[in-house]
Amino acid sequence: MYICTKTNKPMELTEKKSLIVDLSSLKDDFSEAGPLVCISLEGTLFRKIRPSNISSTPKQWLDGAIEITYSQADQVEKNILIQRPGAADLLVELSKHVSLMVYSSQTSEFIDEALLQLSIVQGDPDNCTDLEYARAEAYYNLDVWSRDQCIEAKEGYRKSLGTLSEFFDSGINDIWLIDHKPEQVDFSNHVICVSEFFGDPDDRELYKLIDKMFIN
């Protein structure tokens, strides 16, 4: 990647404003690789709640919540996850048309257990619909960049799409991140920004994103 000394940006960078997937053009042309879309987890696809904070969460928000247990630094950790409405459906649609991966500031131990449990709750693999199976697979078959691939800073863990682009043939122009914290990303113009999810079951942010991102 060559950096312009005047703008301090990659010389090949195109100032794209948003990611739009044209489904009609994809049906006939498979010659070009699709974009790489990374997706954040906590606050974007689900809400993480510590058991000690359950009492401050509205009871109706906890309907269908997932409890996960994992080991980290020789400590057993427990968290409650509230899946955001439309999260699994967004992953299903994205996985059909783009290269999809997780880029999260959480630890790999947390991510592995969270994705496993989110996959399991989509439906019984021996008795589920095709859509439920697709939702489960969408969570289970994701490549992951975790906290280990973030840059620690005083304001938190920063994500580097520039570093990721060094491993992706198409470069930074075709890399996007769905996140609610664009200020924590080096190329914020390649962040598809969504509002932070707090656990409200009436949230419709990801359904709106599907309608906005995919056109026929």
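Trainee: Quick question: what am I supposed to make of unusual backbone geometry here?
Mentor: With the exception of glycine, most residues fall at negative phi, and the peptide bonds are largely trans. Phi is positive for Ala73, which is not a glycine, with a value near 50 degrees. Turning to its location among the elements, Ala73 is positioned in the loop between strand E4 (66-72) and strand E5 (75-83).

Trainee: Help me understand helix H3 (residues 108-120) in this model?
Mentor: Think of an α-helix as 3.6 residues a turn; residues three or four steps apart then line up on the same face. Counted at 1.5 Å a residue, the expected span for H3 with its 13 residues is 18 Å, and the 18 Å between its end C-alpha atoms agrees. Burial in H3 covers these residues: Phe110, Ile111, Glu113, Ala114, Leu115, Gln117, Leu118 and Ser119. Residues of H3 that are buried in the fold lie against strand E3 (46-49), E4, E5, strand E6 (99-103), helix H4 (130-140) and strand E7 (143-145).

Trainee: For this particular structure, what's the right way to read the pattern of salt bridges?
Mentor: Note on pairing: side chains with opposite charge can pair once their charged atoms come close. This structure, assessed with the given rule, holds seven salt bridges. Between Arg84 and Asp203 there is a salt bridge, and its shortest N-O distance comes to 3.0 Å. In this pair, Arg84 sits in the loop between E5 and helix H2 (87-97) while Asp203 sits in the loop between strand E11 (191-193) and helix H6 (205-213), placing the two residues 119 residues apart along the sequence. The class of Asp203 is buried, set by a relative accessible area of 14%. Taking the shortest distance from any N to any O, the salt bridge between Lys96 and Glu93 comes out at 3.2 Å. Taken as a pair, Lys96 and Glu93 lie in helix H2 at a separation of three residues, close to a single helical turn. A relative accessible area of 53% places Lys96 in the exposed class. According to the relative accessible area criterion, Glu93 is partly exposed, its value standing at 23%.

Trainee: Even after reading the chapter, I still don't get the sheet that holds E6, so can you show me in this structure?
Mentor: The strands making up a sheet associate through backbone hydrogen bonding, with each pair oriented either parallel or antiparallel. If you walk across this open sheet you meet the five strands as E7-E6-E2-E10-E11, and the pairing is parallel. The open sheet has two edge strands with one neighbour each: E7 and E11. Averaged over neighbouring strand pairs, the angle between their axes works out to 30 degrees when direction is ignored. Sheet topology note: the E6/E7 ladder contains three bridges and is parallel.

Trainee: Is there a simple way to explain the packing of aromatic side chains in this structure?
Mentor: To describe a pair of aromatic rings, one takes the distance between the centres and the angle between the planes. Evaluated as defined, the whole model comprises four aromatic pairs. Ring centres of Trp145 and Phe167 lie 5.9 Å apart, and the angle between their planes is 80 degrees; this geometry places the pair in the edge-to-face category. Within this pair, whereas Trp145 is found in strand E7, its partner Phe167 is found in the loop between helix H5 (161-165) and strand E10 (175-179), the two being separated by 22 residues in sequence. Residue class for Trp145 comes out buried when judged on its relative accessible area of 15%. Note on Phe167: relative accessible area 63%, which makes it exposed. Through pairs of rings, three or more aromatic residues link up here, namely Phe46, Tyr70 and Phe110.

Parameters and conventions
Residues numbered from 1 in each chain as written. Predicted model: local features only at pLDDT ≥ 70, side-chain atom pairs only at ≥ 80, totals over all residues. Heavy atoms only, no water. Helix = DSSP H or I, 4+ residues; strand = E, 2+ residues; numbered from the N terminus. Expected span 1.5 Å × (residues − 1). Buried < 20%, exposed > 50% of the residue type's maximum accessible area, 1.4 Å probe, protein only. Contact = heavy atoms within 4.5 Å. Salt bridge = Lys/Arg side-chain N within 4 Å of Asp/Glu carboxyl O. Pairing = 2+ DSSP bridges. Axes fitted to C-alpha atoms, helices over the stretch in contact; angles between N-to-C directions. Phe/Tyr/Trp six-rings, centres within 6.5 Å; stacked < 30°, edge-to-face > 60°.

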